[in-house]
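The primary structure of each chain is shown beneath.
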Amino acid sequence: TQVPISVCSAECWKGYRRVLTGAHVCCFNCEACPAGTYVDINDLFNCKPCEIHQWSLPESDACLNRTVEYLAWNDITSVVLTITSVITLLLTVATAGLFLLNLNTPVVKSAGGKTCLLMLSSLACASCSVFGHFGVPTAVGCAFLRELFCLSFTICLSCVAVRSFQIVCIFKMSGKLPKAYEFWTKNNGPHVFILVSSAIGFFISLLRIVLDRPVPTENYSISPDKIVLECSGTQSVGSAMETGYVGLLSFLCFAFSYMGKDLPANYNEAKCVTFSLLLYLVSWLGFYTTYAVYKGKYTPAFNIVAVLASVLGIFGGYFMPKCYIILLKPQLNTAAHFQNCIQMYTTKKSDH
């Protein structure tokens, strides 16, 4: 009274496709679909790939949407870095105000006078560049924030190099090469150097924006179940040119500071500049090393740490000792004290 049932192969489990073993469609083996694919109920013989914004585990009969990741503003890491950035910015602004009030004192004059205000302004701009790394990457942020830091730091290092070279000229070259020193001072050598070196940095940044502009991208290769939003071009020819140029200015700063390592203590910045540049070098080496082994939502955080370490290195090594003298050791911030240091240096040199 019943029609007999003929079964060649049992039904496959979910996530398994049918592989024919003979001429009849009812005879088949079952094969698990790999990760990133699934079996559609309407096509039991093929494993279909998931869409680029989806993922699946092995033996799946459906795909899931990938999780979109980026360094959000409310992330605990972002909160800590934002507070640090704001403190750094406030410190540079407060120091600029302190130097402006004491612009005619010996300590500020020996540090570079009005040039210090330019340095602090550039450090403040570099500090502001970190805020664009939080949240969803934007076209403006990707294109200009890295350039803002590089240009700001270029201006700051140019000022440090000029100040160190100026001091070396006054104490060591004015007597040996009087014509060269006279040409340097009469033709506004310091201002020309800062302007030219900053213009070169600006040209490099402009060239990178025109030829190799970083843009917001969706990185699908970091993790099979995640989409990481980031800026392209972190490791590119343009980025290498910017880093190399800043490295060249850092070398000039170190060279000129080292040449003045035996100058009076009030004019000797060798230790401070060396510490600042060493911190800068270590921070960016650390960032690029980390970027080579890790790419994810916290990559911008490592970039921010490198930027803040560079800014705080210059600020702590160059400006903090002078703030200490202005605020806590005013007896050292007098013309008599500086003249005494110069006389002791001159006497020591004449004895040798």
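Residues numbered from 1 in each chain as written. Predicted model: local features only at pLDDT ≥ 70, side-chain atom pairs only at ≥ 80, totals over all residues. Heavy atoms only, no water.

Considerations on the packing of aromatic side chains
Describing an aromatic ring pair means giving the distance of the ring centres and the angle of the ring planes. Taken as a whole and assessed by the stated rule, the structure comprises 13 aromatic pairs. For the pair F99 and F319, a centre-to-centre distance of 5.6 Å together with 70° between the ring planes defines the contact as edge-to-face. Taken together, the residues span a long stretch of sequence, with F99 in helix 1 (residues 76-101) and F319 in helix 9 (residues 299-328) at a distance of 220 residues. With relative accessibility at 0%, the residue F99 sits in the buried group. (Phe/Tyr/Trp six-rings, centres within 6.5 Å; stacked < 30°, edge-to-face > 60°. Helix = DSSP H or I, 4+ residues; strand = E, 2+ residues; numbered from the N terminus. Buried < 20%, exposed > 50% of the residue type's maximum accessible area, 1.4 Å probe, protein only.)

Some points on the pattern of salt bridges
All told, the structure shown has eight salt bridges when counted by the stated rule. Note that R17 is salt-bridged to E31, the shortest N-O span being 3.0 Å. In this pair, R17 sits in strand 1 (residues 16-20) while E31 sits in strand 2 (residues 28-32), placing the two residues 14 residues apart along the sequence. The class for R17 is partly exposed, based on a relative accessible area of 21%. A single network of salt bridges, built from pairs that share partners, joins R146, E147, R208 and E242. (Salt bridge = Lys/Arg side-chain N within 4 Å of Asp/Glu carboxyl O.)

Regarding the packing of helix 1 against helix 3 (residues 114-128)
Relative to each other, helix 1 and helix 3 sit at 165°, their axes nearing to 9 Å. Our classification of the angle between helix 1 and helix 3 gives roughly antiparallel. Two packed elements cross with a definite hand, and for helix 1 against helix 3 that hand is left-handed. Note on element contacts: helix 3 touches helix 1 through C116, L117, L120, L123, A124, S127 and C128, opposite T88, L89, T92, T95, A96, F99 and L100. (Axes fitted to C-alpha atoms, helices over the stretch in contact; angles between N-to-C directions. Parallel < 35°, antiparallel > 145°, perpendicular 65-115°, else oblique. Left-handed = near helix turned anticlockwise from the far one by under 90°. Contact = heavy atoms within 4.5 Å.)

Regarding the state of the cysteines
Under the counting rule described, the total for this entry stands at four disulfides. Residue C12 pairs covalently with C30 via a disulfide, S to S 1.9 Å. Since a negative S-S torsion denotes a left-handed disulfide, the C12-C30 link at about -90° is left-handed. Highlighted residues: C12 in the segment before strand 1 and C30 in strand 2, separated in sequence by 18 residues. (Disulfide = S-S within 2.5 Å.)

A closer look at the sheet that holds strand 9 (residues 226-231)
As summarised here, the arrangement of the three strands in space is 7-9-8, forming an open sheet in which the pairing is mixed. Strands with a single pairing partner mark the edges of an open sheet, and in this sheet they are strand 7 (67-69) and strand 8 (216-219). Sheet twist, expressed as the mean angle between neighbouring strand axes with direction ignored, is 25°. Sheet topology places strand 7 next to strand 9; three bridges connect them, and they run parallel. Each residue of the ladder has a partner; that of T67, found in strand 9, is K226. (Pairing = 2+ DSSP bridges.)

Here we look at the nonpolar core
One finds F99, L123, F153, L157 and F319 to be the most contacted residues of the largest nonpolar core, which totals 53 residues. At the level of elements, helix 1, helix 2 (106-111), helix 3, helix 4 (139-176), helix 6 (189-211), helix 7 (237-259), helix 8 (270-293) and helix 9 are the ones that each hand at least two residues to this core. Residue contributions to this core peak at 13 residues, all from helix 9. Excluding anything up to four places from it in sequence, F153 contacts L123, V246, Y280, S310, V311 and I314. (Core = buried A, V, L, I, M, F, W, Y, C linked by side-chain atoms within 4.5 Å.)

Considering helix 1
Because the α-helix completes a turn every 3.6 residues, residues three or four places apart line up on one side. Between its terminal C-alpha atoms helix 1 stretches 38 Å, which fits the 38 Å expected from 26 residues at 1.5 Å a residue. Within helix 1 the residues assigned to the buried category are S78, L81, T82, S85, T88, T92, T95, L98 and F99. Packing partners of the buried residues in helix 1 comprise helix 2, helix 3 and helix 9. Where helix 1 starts, the residue carrying a side-chain oxygen 2.9 Å from the main-chain nitrogen of T77 turns out to be D75. (Expected span 1.5 Å × (residues − 1). Polar contact = N/O pair within 3.5 Å; in protein donor to acceptor, adjacent residues only side chain to side chain.)

Focus on the environment of T67
Mapping T67 onto the fold places it in strand 7. Residue T67 is classed as partly exposed on the basis of its relative accessible area, which comes to 44%. As for T67 and S223, which are separated by 156 residues in sequence, their C-alpha atoms are 9.8 Å apart. Look past the residues within four positions of T67 in its chain and what remains in contact with it is D225, K226 and I227.

Some points on the UniProt feature "transmembrane region" (unreviewed entry) in the chain
Annotation from UniProt places "transmembrane region" (unreviewed entry) at residues 79-103, 115-136, 148-171, 192-211, 243-260, 272-294 and 300-320. The span residues 79-103 shows a helical share of 92% and a strand share of 0%, and its end C-alpha atoms are spaced 36 Å apart. For the annotated span residues 115-136, helix accounts for 64% and strand for 0% of the residues, and the straight-line distance between the end C-alpha atoms is 37 Å. (UniProt positions renumbered as here; feature names shortened; annotations may be inferred.)

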